[in-house]
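# Structural description and commentary
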Amino acid sequence: MNLIELLRSSNAYPLERLIKEVYVAKDQQIYQPGQHTNSIYEIVSGAVKLGSYGSQGQDITYDILSAPDTFGNLKYLNGQFFEFAKTIIPCHLRVYPLDFFKQIIVEDPAVSEWFNKNTVRRWSIAEARLFSIRSANSIERLQVIYNDFDREVLDSENKKHHLFSLLTKQEIGDLTGMTRQTVSQIIKKLKPIRLKKTA
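Below or above, wherever it landed, is the structure these notes cover.

Each value, and the rule that gives it
Residues numbered from 1 in each chain as written. Predicted model: local features only at pLDDT ≥ 70, side-chain atom pairs only at ≥ 80, totals over all residues. Heavy atoms only, no water. Buried < 20%, exposed > 50% of the residue type's maximum accessible area, 1.4 Å probe, protein only. Helix = DSSP H or I, 4+ residues; strand = E, 2+ residues; numbered from the N terminus. Pairing = 2+ DSSP bridges. Core = buried A, V, L, I, M, F, W, Y, C linked by side-chain atoms within 4.5 Å. Contact = heavy atoms within 4.5 Å. Phe/Tyr/Trp six-rings, centres within 6.5 Å; stacked < 30°, edge-to-face > 60°. Salt bridge = Lys/Arg side-chain N within 4 Å of Asp/Glu carboxyl O.

## Comments concerning the pairing of strand β7 (residues 84-87)
The side chains of a regular strand alternate, first on one face of the sheet and then on the other. Alternating positions in β7 separate into two faces, Phe84 and Lys86 on one and Ala85 and Thr87 on the other, with burial throughout. Strand direction decides the pairing type here: strand β2 (residues 29-31) and β7, joined by two bridges, are antiparallel. By the bridge assignment for β7, Gln29 is matched with Lys86.

Okay, here's the thing in structure tokens:
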């Protein structure tokens, strides 16, 4: 059960007054590093990349999210939150006020369990990617990312996309700890052999 279903099932919250639904076009910033935001976002449809900027000002992607993932700054990091969020395809987002979101993950047992499970899941994925960067060869690293994103997503216009195919070589490089050039060389070597989903 996702967050909105949990909230609707309880009938304890004035959701129509609290929650907004927004549509964001492809390649648009939702927020930028250092921007003060008082919202938490839930993806209804679409895909979003999260990242920050390197020492030369370049985009560095560290996660790709799709429905029903949530993202945003919970403001527990003492001003150290320096993340951007940008749409990859047209997105439909559900926007929760930050204070309300923080309240329900503490006070509502069902929402608290949902939040803990989702947080642990995201940690687990990040740790698995870091482990592959440190232990796997380049083809194995690419396979890990392919496994993570080998799925279909719908955008806000109800068009289907293969999530892995939406990623640029630079984004794949960021997620695997490889350069864009290395990713390009590996993909060329693999053609016409294709990556396949592994267990």
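That shown, we press on.
## Side note on the nonpolar core
In terms of nonpolar packing, the biggest core is built from 18 residues, with Ile64, Phe149, Phe164 and Leu167 touching the most fellow members. Listed by contribution, the elements that provide at least two residues to this core are α5 (138-149), α6 (163-166), α7 (169-176) and α8 (180-190). Sort the elements by how many residues they give to this core and α5 lands first, with four residues. Beyond its immediate stretch of four places on either side in the chain, Leu167 contacts Ile64, Ile145, Phe149, Ile172 and Leu175. Listed in part, the 17 residues of the second largest apolar core include Leu3, Ile4, Phe100 and Phe101.

## Here we look at the packing of aromatic side chains
A complete count under the given rule lists 10 aromatic pairs for this structure. Measuring from centroid to centroid gives 6.5 Å for Trp114 and Phe115, while their planes differ by 45°, and the two rings are tilted. Both rings, one in Tyr146 and one in Phe164, keep their centres 4.9 Å apart while their planes meet at 70°; by these two values the pair is edge-to-face. Of this pair, Tyr146 sits in helix α5 while Phe164 sits in helix α6; the two residues are 18 residues apart in sequence, bridging distant segments of the chain. Phe164 shares its class with Tyr146; the two are buried. Cluster of aromatic residues (ring-pair linked, three or more members): Tyr96, Phe101, Trp114 and Phe115.

## Considerations on the pattern of salt bridges
Charged atoms that come close allow side chains of opposite charge to pair. For the coordinates displayed, the defined rule picks out nine salt bridges. Glu171 is the partner of Lys49 in a salt bridge, and the nearest nitrogen-oxygen pair spans 2.9 Å. Taken together, the residues Lys49 in strand β4 (residues 47-53) and Glu171 in helix α7 connect sequence positions 122 residues apart. Residue classification places Glu171 among the buried positions, given a relative accessible area of 7%. For Asp69, the salt bridge is made with Arg121, and the minimal N-O distance between the two is 2.7 Å. Residue Asp69 is found in the loop between β5 (59-66) and β6 (70-71), and its partner Arg121 is found in helix α4 (residues 109-135); the two are separated by 52 residues along the sequence. Relative accessible area serves as the criterion here: at 9%, Asp69 is assigned to the buried category. Taken together, the salt bridges that share partners define one network made up of Asp63, Arg122, Arg129 and Asp148.

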